[in-house]
Amino acid sequence: MVRVSESETLGAIGEVATLSRVLPRLTPAAAAELGPGDDCAVVAAPDGRFVVTSDMMVHGPDFRLAWSTPFDLGWKAAATNLSDVAAMGATPTALTVSIAAPRGLEVSVLEGIADGLAAACDALAPGCGVVGGDLSVSEVLTIAVTALGDLGGLSPVLRSGARVGDVVAVSGVLGEAGRGLAVLFAEGVDAYGVPDADAAASARERHPELVAAQLRPEPPIADGRLAALAGAHAMIDLSDGLAIDARRVAAASGIAIDLDSVALGDDPLLALEGGEAHSLLATFPASTALPGGFRAIGRVVAGAGLLLDGAPWQRPSGWDPYRGWDGARG
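Residues numbered from 1 in each chain as written. Predicted model: local features only at pLDDT ≥ 70, side-chain atom pairs only at ≥ 80, totals over all residues. Heavy atoms only, no water.

Q: Would you mind showing me how to read the sheet that holds strand β3 (residues 51-58) here?
A: Pairing between the strands of a sheet is mediated by backbone hydrogen bonds and can be parallel or antiparallel. Pairing is mixed in the open sheet, where 4 strands are placed in the order β3-β6-β4-β5. Each having just a single partner strand, β3 and β5 (129-137) make up the two edges of the open sheet. Each strand of the sheet is rotated relative to its neighbour by a mean of 15 degrees, with strand direction disregarded. Inspection of the sheet shows strand β4 (residues 91-101) paired to β5 by 8 bridges, in the parallel sense. Within the sheet, the bridge partner assigned to S98 lies in β5 and is D134. Each of β3, β4 and β6 (142-150) is contacted by helix α2 (residues 70-86), which is oriented at about 145 degrees to β3, the strand it contacts most. Contacts between helix α3 (residues 107-124) and the sheet are confined to β4, β5 and β6, with β4 contributing the most and set at about 170 degrees to the helix. (Pairing = 2+ DSSP bridges. Helix = DSSP H or I, 4+ residues; strand = E, 2+ residues; numbered from the N terminus. Axes fitted to C-alpha atoms, helices over the stretch in contact; angles between N-to-C directions. Contact = heavy atoms within 4.5 Å.)

Written as C-alpha cells, this is what we have:
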C-alpha cells in the first residue's frame, strides 16, 4: 500500500537522480551483453530467435495503490510477463520496464517496484533481469514491461496446435487469485466501498494466501519449458481466466475443449471464471507423461468452443478491462 509522506518525490529530485537510485536495485540479466545505461541493451540470442511479449499495468483497471505495495507491483509486473514467455515454451532472458508516474510520487515507490521486479526474476526465472526501459511523467501510475525469451532450439508452442484426442492439463493454481480479488473488494474497502489501505492490510492478515495469489502471483515458469520438451501441442497463460483462455486455444486450433468439473476443484465456477491465475494450460498427446506440475483437467474433442462435462459452456466469463472496470482507482 502506497502512503504519501514528506519524503523525496520524483518531481523534487528529477529523472537522473531517480534512476541512479533505482537501477542498482535491479537484477542483471545473464544474457545481457550490455545492460542499462546506453541507448539500447544488447541481449544474446543463442537460438537465433527470441520470443517477445509486452504487458501494461495501469492504476485503476489493473491495480489499486490502496491494496498493493510497491514490491507487489514490481513482482506482479514481472510475473505476468514471465508467464507469457513460459507459455511459448521459452526461457525468460530479459525485461525492459517503462514507468510513467506522477511528479508527486515518492522515489521510494519506484525503489520498491525495482525490488519486486528483481525478486520475481530471481525466484521465478533465475538469470532473467531488467536490461533497460524508460521513465516519464503521467497523472496515472503506469508500468509497461516487455519480456524476451530464448526458445533454446525448440519450436514455439502455439495456441493453434491442439489436436483431437489430446489431454488438457494445467500447471498452477486455479481460482485463488479470483478469491483474493473478491476478498479485497469485500474486506479491503472503507464504509463507502472505496479501496482502503488499512482495511486491505487487515484483509491480508486474515487471508494471506488468497490475497498473495492476487497481488503477488507465482506462476510455474519452469513448467513452460518442460511442457515444450515433453511435446506439448498447444499452450497458453491463464491471465484472463480458464474459460476465456481455453476458448482461445479452441478457436485457434479449430477444436473443442471439454473440461472435467471434478478436476477443477471444489469451486469449478471460480476455477473457470477467476482471472489472473497465471497458470499454464497445455494440451499433450494422450500417451505423454505429464511433466512438472501439470495435471489433467479435460480433453480435446471434435467441435468448437468450450464444454464442461460434455455440455457447452456459454457464460461470457473472463476478464475484460473494457467491461470489468468501473472507472475507480482507489
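Q: Could you clarify how one ought to interpret the environment of L105 in this entry?
A: For L105, the position within the fold is in the loop between β4 and α3. Take L105: its relative accessible area is 9%, and that puts it in the buried class. Taking the C-alpha atoms as reference points, L105 and D260, separated by 155 residues in sequence, lie 47 Å from one another. (Buried < 20%, exposed > 50% of the residue type's maximum accessible area, 1.4 Å probe, protein only.)

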